[in-house]
Every structure is written in C-alpha cells, then in structure tokens.
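Report on the structure
Spelled out, the chains give:
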Amino acid sequence: MRYHAGDYDVIVVGAGHAGCEAALASARMGCKTLVLTLNLDNATGMPCNPAVGGPAKSHLVKEIDALGGQMGLNTDLTAIQMRMLNTGKGPAVHALRAQADKNKYQLLMKKTLESQENLDIKQLLVEEILVENGRVSGVVTHIGAVFATRTVIVTTGTYLKGRIIIGNVHFPGGPNSQFPSVTLSDNLRNLGLELGRFKTGTPARVDRRTVDFSKMAIQHGDEEVHNFSFISPVRQREQVPCWLTYTTEQTHQIIRDNLHRSPLYAGIIEGVGPRYCPSIEDKVVRFADKPQHQIFVEPEGLITYEMYVQGMSTSLPPDVQLQMLRSVPGLENVEIMRPGYAIEYDQVVPTQLKATLETKTIPGLYTAGQINGTSGYEEAAAQGIMAGINAALQVQEKEPFTLSRAEAYIGVLIDDLVTKGTNEPYRLMTARAEYRLLLRQDNADHRLTQKGYDIGLVSEVRYDHYMKKWQAIGEEMERLKTIVIPAGEETNAVLRELGSSEITQSTPAINLLRRPEINYKTLLNLSDDFTPLSNEVIEEVDIEIKYEGYIKKQLAQVERFEKLEGRKLREDINYQGIKGLSVEARQKLDKFKPSSIGQASRISGVSPADISVLLIWLEQERRRVAGGEQ
Amino acid sequence: MEDTIVAIATPLGEGSIGIIRISGPAAIDVGRLVFQPKVNQDWYIKDNYKLVYGHVVDPASREIIDEVLLSVMRGPRSFTAEDVVEISCHGGIVPLRRVLEVVLRQGTRLAEPGEFSKRAFLNGRLDLAQAESIIDIIRAKTDAGAKIAMAQLGGKLSDKVSALQHELLGLLAQIEAIIDFPEDDIPEETLEEMAGRCNGLLKVIEQLLDNADTGKIYREGLRTVIVGKPNVGKSSLLNALLREQRAIVTDIPGTTRDVIEEVLNIKGVPLKIIDTAGLRETQDLVEKLGVERSKQLLNQADLILLVLDAFTGLSEEDLRVIDLIKEKKVLVLINKIDIARNAIDQAELKKLIGFSDILEISAQKEIGLDRLEQSILALVLEGKITAAENVFVSNSRHKLALERAKKHLQEAGWGIHQSIPPDIVSIDIKSSWEILGEITGNSVTEDLIDRIFADFCIGK
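Residues numbered from 1 in each chain as written. Chains lettered and ligands numbered in written order. Predicted model: local features only at pLDDT ≥ 70, side-chain atom pairs only at ≥ 80, totals over all residues. Heavy atoms only, no water.

On to the overall build of chain A. From N to C terminus, chain A includes 21 helices and 22 strands. Here chain A has a C-alpha radius of gyration of 26 Å; the compact-globule value for 630 residues is 25 Å, and the two agree. For chain A, the residues scored as buried account for 60% of the 630 residues in total. For chain A, contacts bridging at least 24 residues in sequence account for 72% of all contacts bridging at least 6. Carbon and sulfur atoms provide 51% of the accessible area of chain A, an area that totals close to 24500 Å². Between the centroid of the 71 positive side chains of chain A and the centroid of its 78 negative side chains there is a distance of 4 Å. (Helix = DSSP H or I, 4+ residues; strand = E, 2+ residues; numbered from the N terminus. Rg over C-alpha atoms; globule rule 2.2 N^0.38 Å. Buried < 20%, exposed > 50% of the residue type's maximum accessible area, 1.4 Å probe, protein only. Contact = heavy atoms within 4.5 Å. Areas by Shrake-Rupley, 256 points an atom, 1.4 Å probe, with all protein chains shown as cover. Lys, Arg positive; Asp, Glu negative; His and termini not counted. Charge placed at Lys NZ, Arg CZ, Asp CG, Glu CD.)

The subject of this paragraph is the side chain of Ser137 of chain A. Tracing the sequence through the fold places Ser137 of chain A in strand S8 (residues 135-141). If near-sequence neighbours (up to four positions away) are discounted, Ser137 of chain A is found in contact with Leu130, Val131, Glu132, Phe147, Ala148 and Thr149 of chain A.

Residues and elements named next belong to chain A. Relative to each other, helix H10 (residues 377-395) and helix H11 (residues 409-420) sit at 90°, their axes nearing to 10 Å. As summarised for this structure, H10 and H11 are arranged roughly perpendicular, according to the angle between their axes. Contact residues: Glu379, Ala382, Gln383 and Met386 in H10; Ile410, Leu413, Ile414 and Leu417 in H11. Of the residues in the contact of H10 with H11, the class split is six nonpolar, one polar and one charged. (Axes fitted to C-alpha atoms, helices over the stretch in contact; angles between N-to-C directions. Parallel < 35°, antiparallel > 145°, perpendicular 65-115°, else oblique. Nonpolar A, V, L, I, M, F, W, Y, C, P; charged D, E, K, R; others polar.)

This part covers the nonpolar core. Residue and element names in this part refer to chain A. Residues Ile153, Met386, Ile389 and Ile410 are the most contacted members of the largest nonpolar core, which totals 71 residues. Of the residues forming this core, the biggest block, twelve residues, is contributed by H10. In this structure Ile389 touches Ala25, Met29, Phe401, Ile455 and Leu457, once residues within four positions along its chain are discounted. (Core = buried A, V, L, I, M, F, W, Y, C linked by side-chain atoms within 4.5 Å.)

All names here are of chain B. With mixed pairing, the seven strands of this open sheet are ordered in space as S3-S4-S5-S6-S2-S1-S7. Lying at the two open borders of the sheet, with one neighbouring strand each, are strand S3 (35-37) and strand S7 (109-110). Helix-sheet contacts for helix H1 (residues 27-34) involve strand S2 (17-23), S3, strand S4 (51-57), strand S5 (64-73) and strand S6 (84-90), and the interaxial angle to S3 is about 70°. (Pairing = 2+ DSSP bridges.)

Time to look at the sheet that holds strand S18 (residues 336-338) of chain A. All names here are of chain A. Reading across from one edge, S14-S15-S16-S17-S13-S18 is the order of the six strands in this open sheet, with antiparallel pairing throughout. The sheet is open, and its two edges are formed by strand S14 (217-219) and S18, each paired on a single side. For this sheet, the mean angle separating the axes of adjacent strands, direction not counted, is 35°. Two elements, strand S16 (residues 294-299) and strand S17 (residues 306-310), share four bridges in a ladder whose sense is antiparallel. From the neighbouring strand, Val297 faces S17, where its bridge partner is Val309. Strand contacts of helix H9 (residues 318-326): strand S13 (205-207), S17 and S18, with the helix running at about 135° to S18, the strand carrying the most contacts.

Counted by the stated rule, this structure contains ten aromatic pairs over all chains. Aromatic side chains Phe213 of chain A and Trp243 of chain A sit 4.6 Å apart centroid to centroid with 35° between the ring planes, which places their arrangement in the tilted category. Of the two residues, Phe213 of chain A sits in the loop between S13 and S14 while Trp243 of chain A sits in strand S15 (residues 242-246), which places them 30 residues apart along the sequence. Note on Phe213 of chain A: relative accessible area 17%, which makes it buried. Clustering of aromatic rings is evident, with ring pairs tying together Tyr276 of chain A together with Phe181 and Phe453 of chain B. The ring of Phe121 of chain B has Arg623 of chain A lying over it, and the distance from NZ or CZ to the ring centre is 4.3 Å. For the cation-ring pair, Arg32 of chain B lies above Tyr44 of chain B, with the distance from its terminal atom to the ring centre recorded as 3.7 Å. (Phe/Tyr/Trp six-rings, centres within 6.5 Å; stacked < 30°, edge-to-face > 60°. Lys NZ or Arg CZ within 6 Å of the ring centre and 35° of its normal.)

Here the amide bond leading from Gly75 of chain B into Pro76 of chain B is cis, since omega sits at 0°, within 30 degrees of zero. By the element assignment, Pro76 of chain B lies in the loop between S5 and S6. Look at Lys161 of chain A: it is not a glycine, yet its phi comes out positive at around 50°. Tracing the backbone shows Lys161 of chain A in the loop between strand S9 (145-154) and strand S10 (163-166). Under the relative-accessibility criterion, Lys161 of chain A is labelled partly exposed at 27%. With a phi close to 55°, Asn176 of chain A is a non-glycine residue in the positive phi region. Following the sequence through the fold, Asn176 of chain A ends up in the loop between strand S11 (169-172) and helix H5 (183-190). Under the relative-accessibility criterion, Asn176 of chain A is labelled partly exposed at 33%.

One turn of the α-helix equals 3.6 residues, which is why residues spaced by three or four share an orientation. Residues and elements named next belong to chain A. Compared with an ideal rise of 1.5 Å per residue, which puts twelve residues at 16 Å, helix H1 (residues 17-28) spans 17 Å between its outermost C-alpha atoms and is within 8% of the ideal. With respect to burial, H1 is a largely interior element, eleven of its twelve residues being buried. Among the residues making up H1, those that are buried are His17, Ala18, Gly19, Cys20, Glu21, Ala22, Ala23, Leu24, Ala25, Ser26 and Ala27. Looking one or two residues past H1, Gly30 carries a phi angle of roughly 95°, positive in sign. (Expected span 1.5 Å × (residues − 1).)

Our next topic: a nonpolar patch on the surface. There is a patch of nonpolar side chains on the surface, built from Met1, Tyr3 and Ile143 of chain A and spanning about 390 Å² of accessible area. Tracing the backbone shows Tyr3 of chain A in strand S1 (residues 3-13). (Patch = residues over 30% accessible without salt bridge, like charges linked within 9 Å, V, L, I, M, F, W, Y side chains within 5 Å. Salt bridge = Lys/Arg side-chain N within 4 Å of Asp/Glu carboxyl O.)

All names here are of chain B. What you see with strand S1 (residues 5-8) is no split at all: Ile5 and Ala7 on one side and Val6 and Ile8 on the other are buried throughout. Bridge count between S1 and S2: four bridges; the pairing is antiparallel. Residue Ile5 lies in a different strand from S2, and its bridge partner there is Ser23.

Working definition: two side chains of opposite charge can pair if their charged atoms are close together. Going through the model one piece at a time under the given rule, you end up with 73 salt bridges over all chains. As a salt-bridge pair, Arg432 of chain A and Glu446 of chain B come within 3.6 Å of each other at their nearest N and O atoms. Placement of the pair is Arg432 of chain A in the loop between H11 and helix H12 (444-454) and Glu446 of chain B in helix H17 (residues 445-455), with the two residues belonging to separate chains. If you follow the salt bridges from partner to partner, you end up with Arg405, Asp415, Asp416, Lys420, Glu434, Glu565 and Arg602 of chain A in one network.

What follows is about the environment of Val444 of chain B. Residues and elements named next belong to chain B. With respect to the element layout, Val444 can be found in the loop between helix H16 (422-440) and H17. On the basis of relative accessibility, which here comes to 45%, the residue Val444 falls in the partly exposed class. Spatially, the C-alpha atoms of Val444 and Glu434 are 8.1 Å apart, while their sequence positions differ by ten residues.

What follows is about the side chain of His59 of chain A. Residues and elements named next belong to chain A. Along the chain, the position of His59 falls in helix H2 (residues 57-66). Since its relative accessible area comes to 0%, His59 is described here as buried. Among residues more than four places away in sequence, those in contact with His59 are Ala92, Val93, His94, Tyr409, Thr430, Leu439, Arg440 and Gln441.

Taken residue by residue, the interface counts 60 residues in chain A and 53 residues in chain B. Applying the counting rule to chain A against chain B returns nine salt bridges. Here Lys563 of chain A ties to Glu2 of chain B by a salt bridge, and the two come within 3.8 Å at their closest N and O atoms. The tally of links between chain A and chain B comes to 18 residue pairs in polar contact (both at pLDDT 80 or more). (Polar contact = N/O pair within 3.5 Å; in protein donor to acceptor, adjacent residues only side chain to side chain.)

What follows covers the pairing of S11 of chain A. Along a regular strand, successive side chains alternate from one face of the sheet to the other. All names here are of chain A. When S10 meets S11, the two strands line up antiparallel, connected through four bridges. Within the sheet, the bridge partner assigned to Ile166 lies in S11 and is Val169. Once S10 ends, the chain turns through two residues before running back antiparallel as S11, passing Gly167 with a positive phi of about 60°.

In this section: the packing of H2 of chain A against H12 of chain A. Residue and element names in this part refer to chain A. Where H2 contacts H12, the two axes come as close as 8 Å, and the packing angle between them is 35°. Read as a crossing pair, H2 and H12 show a hand that is right-handed. Only Ala444, Asp445, Arg447, Leu448 and Thr449 of H12 make contact with H2, whose side of the interface consists of Lys62, Glu63 and Ala66. Its residues placed into classes, the contact of H2 with H12 shows three nonpolar, one polar and four charged. (Left-handed = near helix turned anticlockwise from the far one by under 90°.)

Before going further, it helps to examine the environment of Leu437 of chain A. Mapped onto the secondary structure, Leu437 of chain A falls in the loop between H11 and H12. Residue class for Leu437 of chain A comes out buried when judged on its relative accessible area of 2%. Residues Leu437 of chain A and Ile164 of chain A, 273 residues apart in the sequence, show an inter-C-alpha distance of 41 Å. Beyond its immediate stretch of four places on either side in the chain, Leu437 of chain A contacts Pro91, Ala92, Tyr550, Ile551 and Gln554 of chain A together with Asp423, Ile424 and Ile427 of chain B.

Shape is all these values report; function is a separate question.
So, in structure tokens, the structure goes:
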C-alpha cells in the first residue's frame, strides 16, 4: 500500500560520493532535501581503493572544496597518509593523493549529513520515480512510502541491476555484498532513458597479519602536512606507510594457465570495462613482454587489518586469486579476507543530459556520478555537487549554474560526458583539459569560490579566507615590481650557488623570480625587504610570475573559446529545417540539442562549415525577430 | 577579438591583376608590416579608399616580393564592416602565392570559404535575402574544397605528415602518461632523449618543407616534355606557346649539353620545357636518346605533351612513344587540323592511351592553343578550373601549417633545454600535433588518450 510520507524540494537517491555532495549542496542552499539510501551505514563507501586524489582527481577535489563541497574537508580529517605527486612536472599537474581511513571517512560524512540543516536521511530503497505532466513529482519506495518533490537526483552508482562476478560464479548484487537496485533501472528505461552496461572490478583485500613487509619497499607519506581543503583545520597528521612489491613470472604463469577460467575470456562478462583500470589478467595478456607489474599494498584504515592490493584487480576464481597473490614477494603466506570481483551495472547514456546534469527529456530529473558512466569517487562527487546546485537553483527558480572547460576540470568532465558521451567508464585525466595551465589545483579557489558564494553555497568563513589570500597575492605581486635586489658579492654568491647567472647592476626582484632556478624563497636571502608570507601566497606568486608568458597565451586561447560558448542555442530549434546543414549535422544537433555554438562545435559530425551555417542562421533569426517587433 | 583573415579575392590564373584581401582588426597593422609605399608613408593613417603604390616586402628577409597597389577601407565602411586592406599584385600564381604567404606569416589566417561574406552578413552589411546564397557558397566550396584537398594530399605528403603526427603523438603520450599516471611504473625518458626526439621530428618537418611537392611546381616550374615523331610540329608548338605568353622567357643551360630547358608561363603556371634541343633537331626522341634514356626523361616529367599528326595518322613511332607514356599525365595534341581532320580515329586512340585528354590544334595557325592552355592549368590544379582556388589555397595552408608546427616544436625543444617543466613543454608539442592535424584532418583528444593506453600498461 502506498502512503504519502513527506514533501521535499530535492530528493537524492543514493548516498555515495555523488549523493552526499548533491544533498549537502542543495540543503546548504536552503532547499528542503531528503537522501534515500538502501543502507545508511554505507554512506560514501569506498568499494575500490582507499584513496582520494591523484592527477586531475585532486584538481576535482579542490574545485569541489572551492565551491563549498565536503569531499576535501572529509578527506583531510580522515586521511592516514598524504603525498604530493608530480612535484617535478610543473605547477599545472601537482596533485595531492591521500590514503583515506575508509571507516572513518564514512562515519564522518554520515555525521556531517546528520548535522546538516534542511537535510533528512532515510534508509529506504527507491523503486520508482513519479512523473506528472512531463515533470518529476515524487518517488516511491519499496515499503510504499511516497515522497513528493520538485526535483530528484539519481546517484545510484553501480547498483542498477548490479551483477557480481567471481570466476564462474555470478549473482545479482551491489558492490561489497549490498543489494542491487533492480526495479529502478526498469523504471528509468520506461521513462525513456537509454541505458548502457559497464563493468568494473576490484582486487582482493588481505589480512595484514599474513603479509611479510620485509620483502617490500616502504612508501611513506610526505613530511610536510598537505590538505585538500582551502580552509582545512588540520595542522598535523598521524601517517602510516604503504608498501610496494611486484608480480613475478610465476604470477604471470598462474594467470596464463587459468585464463580459461576467467569470466572475461569465457564471455560471462558483457559490460565494457575501463582501460585505465584493467584486471591483472588483462595486463598480463596485453603487455606480455612486461616481466613484472607493480603492486601497492595499502591499509584500508587504522581500525582494521584489511589491506588493499592495488594492481591486482581480478575476476578470476578465488582459488586462482590466492595462488596468484602467494606468488608475489611478501605475500607468500597471505590470507584473503574478501576476494576480488568484477561488477556489471546499468548506466545512463550521458549524452541525454544537459550541462546541468538534468535529463533533457524529463524536467526535474537529474543523474550524477557513476550512473552517468564515470568511475572514481572524485568524478562522482564533482557531478553530485553540480547536480545538487542546479536542482536547488531550479527549485528557487534561478538561472542554472554550469562551468566551462576553461573554468574548471568539473567543466571538462561534464562537457565530455554530455557532449561526447563515453564508451567505457570515464576517468578524468589532465590530458583531457585544453587549458591545463589555468586549471591548477592551487588556484581552484580563485576560479570558483566567488561563484560558489554568489549561489549561496560558500560559507562566510571560506569566503573571508579566500578574499584575504588573494588580496595578499595581489599586493605582493605589485610590491615585487618595486623591490630592487642590489648587485654585489653577497647576492652573486647566492645566485652562483643556484647555478644562476650573476647580476652586474641592481635588478627588480620580479625579474629574478622569472628565472627558472630562482623561487620566492630565494629572494628572502637576497633582500631584507621580505616578511614571511603564508605558503599558499608564496606558491601563487611564484607560479603567476614564473609562468606569466604561458599563462597569457592560454588566456588568449580561452578568449576565443568563450566567444563561441557565449553564443547560446535555444532548446526548441528545429535543426531539420535549417538549410545548408549537412545531413549528419542535422541529426546530431537534433539529438544533442547543444546549449551553445561552442558545444555544437564539439559534437562529432558537426563541421566548421556547419558552425558557419548555424551562425548565419542565428543572425537571420535575430533579424527576423527584430523585424517582426517593429 | 576576431581573427584577421586573408584570401585571394580574384579568380586564379586569369587576368593580369590578382587581389589579396585582408579583413579584421589587425588588417592595417599587417599591411604596415608587409607593405613599403613609394611615397604616402602615412597611408595607414589617413588614406581611405585610395590606391597607394609600393612594394610588398618580406619583413623577415627584406626581399621585395612584388610591385603592388594597396588600398585601405576602414570598418565599418567596408565590405565586411571590419578594417580591410586589399593588395593588388601581378596576376600570376607565383606572385599571388608569395604575397599571400608573407601576409599569412604575420599572424593572419586563411579565410574559410565564404568567410568574408559571412562576416559581412553577421556585421549587418548584407541583407537577409543574401544570407541564403552565402550558405550555398559555404556548403559548395567546403565540400569541393575538402575533396580536392584530399585528392591533392593523397599519397606521399599525406603519408609523411601522418607519420610525423604519429611520432609526435607518441612523444606527447609519453609525457602525458607520466603526468597522469605518476604511480605506474612507466619508463621515463631523460631530457636528452626527449630533446633528441624533438630534433628528429624537426628535421623531418624541415625536409617536408624543402621538398613539398606542391611548392616545387611554382618555384621550379612543371617539368614538361613535348614528344612526337619528326616533323609533327613540336617546335612550331613551342614557338606558338612562347609567342602567346607575355611573361619572360629565359634560356637556362641544362645539366647535360644536349638538354636545354626553356621556362614559359601558362596562365601563371610556370612550365619548364625539357630537352628542347632534341626537339628542335626534329629528331625522333627515342631514336636519338635510346629507349632507356627516353624512359628516364619521360619518367622525370610532370606533364607530357604528345603531338600527333592529323595528316599522316598514327605511325609505328607514335605507338612506341605511346607505349612509354601510358602511365603518365599526358595531353594528346592532334596537330595540323588546318590541313586534315580524319586520319586519326579518336576512339581507337582513346583505347590506346587511356584517360588522357585529346585536343585538336594547329600550331602553325595557332588554333586551339587557348584550350590547350586551359587544359594545362586544369591538369596542374588537379581537375577542374573552378577548383583552382581551393587547391591553390590548400597548398599555402599546408605549407604554413608545417611552418607553424615547426615553430612550436622548436619552442618545445628550447623549453626542454631550459628545464621548463613537462606540463608546459607539452603545450607546444600538443600545438604542433594539432596543427599537423589541420593538414590530415585528424587531431582529437581521444586519439591521445587511446595512445596512452595503447603504449603503456596503466592501472591500479
């Protein structure tokens, strides 16, 4: 029996990384929000590796944070190791990576949800989304409770018709022995959405008491304390190491001998898996001449003996998994606590979405996270916060909020998804960004915090910090132009030591800072005119001055890019009726309904000539309208 | 800010004047860079709609390119409603092409088909009724242009550029894989190795620029051989063509004593007539040089003019020559049609010679020479006369693209040398790859991602 159980502005289905960010965003923006999940203990679970960040992903976390999201803070507060990657590869690609304590991460996020004003969380399985007069009106749960709402954000991850595969055993299930969500998948299909089927997998978890670390290389966290959040309270952190070992020829032989038992090669798996996250059997087959593959053994947390074996993702049968693991130095006596498995799931083809992550066909219905064909906690969270923001803005009858490819990795991610789609679980990479030098993790606040503040998501505390930091940066950049470093033996001795050429006359500090081998901290030794500034200010001054020329070049490219982004296309344009478009362009444009000329130009099959035709058509329309009004 | 665009505004190969049109915010500045007025030093300040006499000078080499007339039309009072500069040059393909390239090097870009009209319309200079015809132009020219550019490319140049692009992508994938997957054990290249790869690629680009097939025709002329049996009228034909054209004719001593080359200009296409000596001695080519040497000579030819006798018909000698040149680009000329018409069965001839064009002429009476010239131009420009502009333009486009790709690669090499970090060096390498993609029509980010996963074993 169905019964009315409540009224909300925004209902979020699922409490993973996407769902939690979505719910927090909409609640913080003042909308009455409800999270429905099939297991409250599983909020922001990490069913794959216990890590947050890395290239492009740490950029996302910083952006989520700059907008007023939770992932950065939650990681800072629960991390058990942090390292800055890529420090020698340039400012654009510095990337923070954290080992998270899985249990702590979940508990803290759940508590954050519980403490959030305007937000209810309930353990209920959603079976149906109600649509009235073409738009979302509510959700129905498995016990008959019906909630009315104006917007629904579906963030069901890999649960839709999830199927777990371990060797030749397979059964319906969500990740980590959860229930799958079966009826909702059919419901989405009935609502007219096109679904695809993807696959991903995870390695075994082993008992740390059966691991011989003496045969592995230790990997410590950085001594310097790093944080994701621009307003992190964490000043010191207890850290634990990870361990590095390698597969052996024996491992590869075991895999080759048992390939016939792999569900992948036996054809049990139909879904498309990600290339960046291949199973070990895949790696051994595809890169047959590689003598060894590296294996990281990572702690899953401080209050568990379970360890994650990165590099050994597999869906081979458990007996083979054990043999395989035991052929790796340090794991000779290892015991498996949870076997590795593959999971197949239904996914919404993301080209059916607008850049706001609202479905094009059902107003009020949003999808975010792994359901949209992505992979990764960070990619999910990034979509979650954007869907949450836009659902809230729709409720408040305000303009939607989107980010362009030139503004944020979030923009790159969502534009790739909704414009190009994806034929494998999508992972963000810095190589996907056109304006990488502008989208650094260090300046995410400069790019996004004002925007987050304007839509009512950024707190006063965060906003204040941001204003002060960037004011200090601006002032210091100006001041550097006026400070002169005197020539002389004292200065030249320092320069010589750094392998920098000596100066013969007094030189503006800013000119010295442009030299690759000299950084801001060097200047402190060359002049008394410096008072210590915070590291984040120094880092920014260094980057902005040293890479000024390259940054300016990218800014000029962005200017051209934005001109086309700024030419908006209405949703109701009948492309079939536009003379001069190629047949393919008409079909694609009709299907995608791009929101701007810029987006149209990125759809495959739409040529520059088609774009010219569209521009002329837009001008024709404008004049016809102007003529009609006279 | 809009790009500043440039194109040749007059039909190619016709007329004694050719106009290069530049439109956009930088048009006048570009004019100042390439144009040296005889008087009117302050033309760019005050002269509007006035012709200014002077020279186009390459700002890099200070070389005088052409004697020209220049006019300025300031926006909004111009066709596009932007600042427009028009340079009237001598009409041949060579000067036009060189002026165009000099202008392109000053940071302008080649206009897309119909782009001047498109800008005129978008800036309110043309009325609604004209919009449709602009769309027609964009459509028609783009489709034809793409086909011709591909046909032109088909073969060596395209293969070479594709190979180059493949290499560049490999270099880029290497850098990007290490950036995006720092924890995977991807073999890292040393700076020296990377610099070495950059240098290797630079050399290939330089070679391409030196040997660009297309450039060669305009720089050195189309290597042309006139063949036919004695007394068929080869020398009359040459003399007639020499009389027809108004350009300079020079004698260039050949590399061997018996080969003398003569350069003549057919509708702007320089034709280098080879072995005119043998031709004047009214000897049979094959008889004189022997089969091997004749084959060699004919193989070097870009174009062969086969002259047959309308009066005597096909002889043994003719058949021998036809056999040698079946695979080549041949224009068949049936000469002496003022005397006789029916001695040669054209249908049968077609069977023998394949798909070559057959023209009837009289070298003596100068009949049919105009059609001959048209046919030569058409052949050079790969197909139809109407397509001339596209092919011509695609030549310049390719050459400039190679030059730009080279510049970015040089900067990348410099950056590696200066220890500029890889995330920044990769910007130039990527630009270089994308620019080559303008030639091959192929450079999407997905290719890079595919390459990373194809080349490296990545994954947790």
